Every structure is written in structure tokens, then in C-alpha cells.
Amino acid sequence: PDQTLPATWSNTIVPNDPMASVTQDWWNAFNSPELSGLIRQGIGENFDLKAAIARVDEARGTAETSGAAQYPSLSLGATADRNYSTRITQSKTAFIVASYEADFWGKNRSAAESATALIDGSVYERDTVELTLTASIANTYFQILSLQERLRLAQTIADNGRKMLRLIEIQAQNGTASNLEVEQQRNAIATFDATIPPLRQQLDQGMHLLAVLTGSNPGSLSLTAQTLDGLALSDIQTDLPATLLERRPDIRAAEARLLAAHFDIGTALAAFYPSLKFTPQGEMASTALSGGFQSGVMDMAASLLLPILNNAALQGTLDTDKARYAELSATYSQTVRKAFQDVEDSLSAVIRLRALEQADTTVVESGHKAAQLAEIQFKYGTSSFLNVLDTQRVQYQAEDVLLQVRVQRLQAEVNLFRALGGGFASAPISSIATPQERMIP
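These numbers were taken from a predicted model, which means no experiment stands behind them. (Residues numbered from 1 in each chain as written. Predicted model: local features only at pLDDT ≥ 70, side-chain atom pairs only at ≥ 80, totals over all residues. Heavy atoms only, no water.)

A. Broad picture of the overall build of the protein. Of the regular secondary structure elements, the protein holds 9 helices and 7 strands. Counting all 441 residues of the protein, 40% fall into the buried class. Of the contacts formed within the protein by residues at least 6 apart in sequence, a portion of 82% connects residues at least 24 apart. With an accessible surface of roughly 23,800 Å², the protein has 56% of that area assigned to carbon and sulfur atoms. (Helix = DSSP H or I, 4+ residues; strand = E, 2+ residues; numbered from the N terminus. Buried < 20%, exposed > 50% of the residue type's maximum accessible area, 1.4 Å probe, protein only. Contact = heavy atoms within 4.5 Å. Areas by Shrake-Rupley, 256 points an atom, 1.4 Å probe, with all protein chains shown as cover.)

B. Just the side chain of Q411, in detail. Position of Q411 relative to the elements: it lies in helix 9 (residues 385-419). Here N139 takes part through its backbone oxygen, which lies 3.1 Å from a polar atom of the side chain of Q411. If sequence neighbours within four positions are ignored, Q411 has contacts with N139 and Q143. (Polar contact = N/O pair within 3.5 Å; in protein donor to acceptor, adjacent residues only side chain to side chain.)

C. Fine view of the layout of surface pockets. Empty space within the second largest pocket amounts to approximately 260 Å³. In terms of lining, the second largest pocket is formed by 14 residues, of which the most central are N160, G161, M164, E375 and Q392. Among the elements of the structure, helix 3 (107-173), helix 8 (311-379) and helix 9 are those that each provide at least two residues to the lining of the second largest pocket. Here the element with the most residues in the lining of the second largest pocket is helix 3; it accounts for 6 residues. (1 Å grid on protein atoms, 1.4 Å probe; cavity = no way out; pocket = protein on both sides within 12 Å on 5 of 7 lines; lining within 4 Å. Points joined across faces, edges and corners; volume = space filled by probe spheres on them.)

D. Here's a closer look at unusual backbone geometry. Of note in this structure, N31 is not a glycine but carries a positive phi near 55 degrees. By the secondary structure assignment, N31 is in the loop between strand 1 (19-20) and helix 1 (33-45).

E. Examining the pattern of salt bridges more closely. One pass over the full model with this rule turns up 19 salt bridges. The shortest N-O distance in the salt bridge between D127 and R126 comes to 3.1 Å. Residue classification places D127 among the buried positions, given a relative accessible area of 14%. Notably, a salt bridge pairs E246 with R252, separated by 2.9 Å at the nearest N-O pair. What makes E246 partly exposed here is its relative accessible area of 43%. Taken together, the shared-partner salt bridges connect R248, D250, D342 and R418 into one network. (Salt bridge = Lys/Arg side-chain N within 4 Å of Asp/Glu carboxyl O.)

F. Geometry of the confidence of the model for the protein. Per-residue pLDDT for the protein averages 80, and the proportion of residues at 70 or more is 77%. At the low end of the mean pLDDT range in the protein sits strand 6 (residues 292-294), at 46; at the high end sits helix 5 (residues 196-213), at 94. Predicted confidence for residues 283-298 stays below pLDDT 50, and this span has 34 contacts to residues more than four positions away or in other chains. Here residues 427-441 scores under 50 on pLDDT; set against residues more than four positions off or in separate chains, the count is 28 contacts. (pLDDT = per-residue confidence, 0-100.)

G. A look at the packing of aromatic side chains. Taken as a whole and assessed by the stated rule, the structure comprises 7 aromatic pairs. Their ring planes at 75 degrees and their centres at 5.5 Å tell us that W26 and W27 sit as a pair that is edge-to-face. For W26, a relative accessible area of 1% puts it in the buried group. Clustering of aromatic rings is evident, with ring pairs tying together W26, W27, F30, Y141, F142 and F417. (Phe/Tyr/Trp six-rings, centres within 6.5 Å; stacked < 30°, edge-to-face > 60°.)

H. Main features of the packing of helix 4 (residues 179-194) against helix 9. Where helix 4 contacts helix 9, the two axes come as close as 10 Å, and the packing angle between them is 10 degrees. It follows that helix 4 is roughly parallel to helix 9 by the angle criterion. Between helix 4 and helix 9, the residues in contact are E181, Q184, Q185, A188 and F192 and F385, L389, Q392 and Y396, respectively. For the contact of helix 4 with helix 9, the residue count by class is 5 nonpolar, 3 polar and 1 charged. (Axes fitted to C-alpha atoms, helices over the stretch in contact; angles between N-to-C directions. Parallel < 35°, antiparallel > 145°, perpendicular 65-115°, else oblique. Nonpolar A, V, L, I, M, F, W, Y, C, P; charged D, E, K, R; others polar.)

I. Up close: the environment of L151. Relative to the helices and strands, L151 resides in helix 3. Considering only alpha carbons, one finds L151 and P198, 47 residues apart in sequence, at a separation of 9.6 Å. When near neighbours in sequence (up to four residues on either side) are disregarded, L151 contacts I196, L199, R200 and L203.

Right, here's the structure in full:
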């Protein structure tokens, strides 16, 4: 179906050097050898991907079966006979039976082409699974690193709170602080401590998920990296929107399924017309007593089959195939729209999260300075302890939010790579002919 495509993306990233290309090994743009190793392991060991690869082989087998009807079939048989009437004689007969259906109306060719298109579809679906897998591994890896940093932050804030508690307890003993301030600090420490178990749970779940994605048992994976620092990030080359039709494997899979449905209509149409089958038959006989072979006979039988009484069934099949084609046509168009939405959403997320990260970095820097000043003023008695508690809470929340924004920005970059096709190689591997060349006249 013709598609109305936008000329440009509504959200654009201001290009800088260097620009990261959307290649098949796009994850190398993050400059993390550990991440690259995990993705390579996932591609080799993930069971969902292995299942998708097996489905390609299934489609190939189905195509071989469907394509066999285009060629003559040949079978070899033999009989043995022994006669006891006057004297014992025995003879052996070998015969060859061949049959061929003349494909005047393209029925067999259409069935074969439909099966071939479904090979392409299964290949593209395998590529979609692989692209989704690599993006999931990268997103989960970044999430784990972020959770490790957030855990360390929560532990550090709680430890600093305990140091402050000791100071307040000393001041309370000396009469310069109240028991209320002591209990307020203990409450603050307990609040910080309460954030740690949920973070540990999320970290455990992330590690278990990453292990399964890479084909390992949950609990068997360990990581070397402990922080998001050092992960490189470059602007991504988005190219023109029209290129998405070739670069997204899910779009190509929908296109292949639609093409298969087109050929199914051809098969259903051809079924209304007569089929002509040729059955040549050859025979060679051997008589034991004569010790020689008799010359064989060859005849040619042809049968003309014309559908008469099953028109309703044939029409039902044709109507079903046409409806299927209409359904897949709409599915293809919707897949294209969803793909463009995917890219636009990812571009928007990358742009907005970069701006948000810059703003949150400023918030963290000012919050850190405010917390230091509040502690100094409290130690010298020029500020209340409540002011210290407020600045501590604001500082912790700001740093925790910044870590979450950083991982969201990294995941947005991953999603943009995925949305742009992830370097998917668009050429089908099942045949050389293009879909247009394979269309029925």
C-alpha cells in the first residue's frame, strides 16, 4: 500500500561531532566492552532468539514442500510373480510412475511464491527478535549500573546522617541541642535506611533478568562495572523518514506477510480453472527361465480435472484470502505508523532528557552547597537543625533523581537505535527476485 511519509522528523537533534551511525553493532557507540560482551553472549545463547532461528528453518521446509508441486514427481515400484501351473516360472517387473501437473494458471507457482515470502517474513521476524533482545540487554545493563549507584548514594546519605546524629547527641549532653532534635535525626536516618531494601530488590531482579536475556541461569551473572561514568554517548544519525521502510525488520516482516497473502489470492483464483495432469508410465519385465529382459511399454495418460460442484468452497477460500490480504494491508500500514511514532517518541525522549539532565545537574550542585552551609551554620549555632534536615532531604532527592534521569537518557538513546532499525540488513535472503518481480501479472 502507498504510504504518506513525512519529509523530516518533527524532533531533531542538533548534530555534533562525532555522529554515531546506526550500524549492526550500534552498542559499541557506548564504549563499554562489558556491554558488548553481554550482547554477543545474548545473541549466541538466548533461547527466544534460538526459537526464532528455528522458525526460519521451519519456513524453509514448508517452502520446499510447497515448491515441489512445480516439478514432476517420480516413483519406482516392482512386482514379483511365480506360476506353478505346468512348470514353475517366475517373473519380475519393475515400473516407473511419473506425474506432472501443467501449471497453466500459476497455482503451483503462486503457492511456492507465498511460501518463499513467508521465509522472508520469518527471517525479518528473527531480526526483530534479535533487535529487541540487544536493546533489552543494553537497557537492563544500564538500569543495573544506575541501581548500584543509587544504593551507594542511599548508604552514604544514611552514614552521613549517623555522623550528624553523634554530633547532636553530644550537643544534647552539653545542653546545646534538644532531645527533639536527636529524635528528628534518628527518624531521618531510618527514612534513608528504608530506601535501601527496595533498591536491592530491584537490583536483584535486574541481575536475574540480564542473566536470562544472555542465556544464563538467574543468579549466575556478575558485572565488573559499578557506575554509569565512562559511558560514551554521541549524537545519532537519524537519516530521512523514508529510509525507515527498509531499515525496520518489523516493517519488512509485515510486508512479506502481505506479499504472501497476495500470492495466496493467486492460488485461490487458479483453483477455479481446470488442471491438466500427465502420467507417463514405463515398464520392464524379466522372466527367470528365458534369462533375459523383455522390452518395456510406455504410455502417456493425461487427466483433465475441472471443478464443477465445489464452486462455493472455492469462492469461500478466495473470499477468505482477499479478506486476509485486506487485514494484512491494514496491519502493514499500522506497523509503518507505529514505527514512525516509535522514532518520534525516542527522539523526543533523547532531546528532553538531555535538557532535564543538565537542569538536574545544576540542582544537585546547588543542593550540595546548601547542605554544606546548613551543617556549618548549625555547628556554630546560627541555624536551626530543622534547616539541616531539609537541606539533607533535598540533596538526597536531587542526587537520586539525577541518577534516574541519567539512566533514562541512556535508555532513550538505546531505544532510538532500536527504533531506527539497529543497523538491520534489509535484503531478503530467501531469493534474489524483488517482491515486484515476483508479482503475478
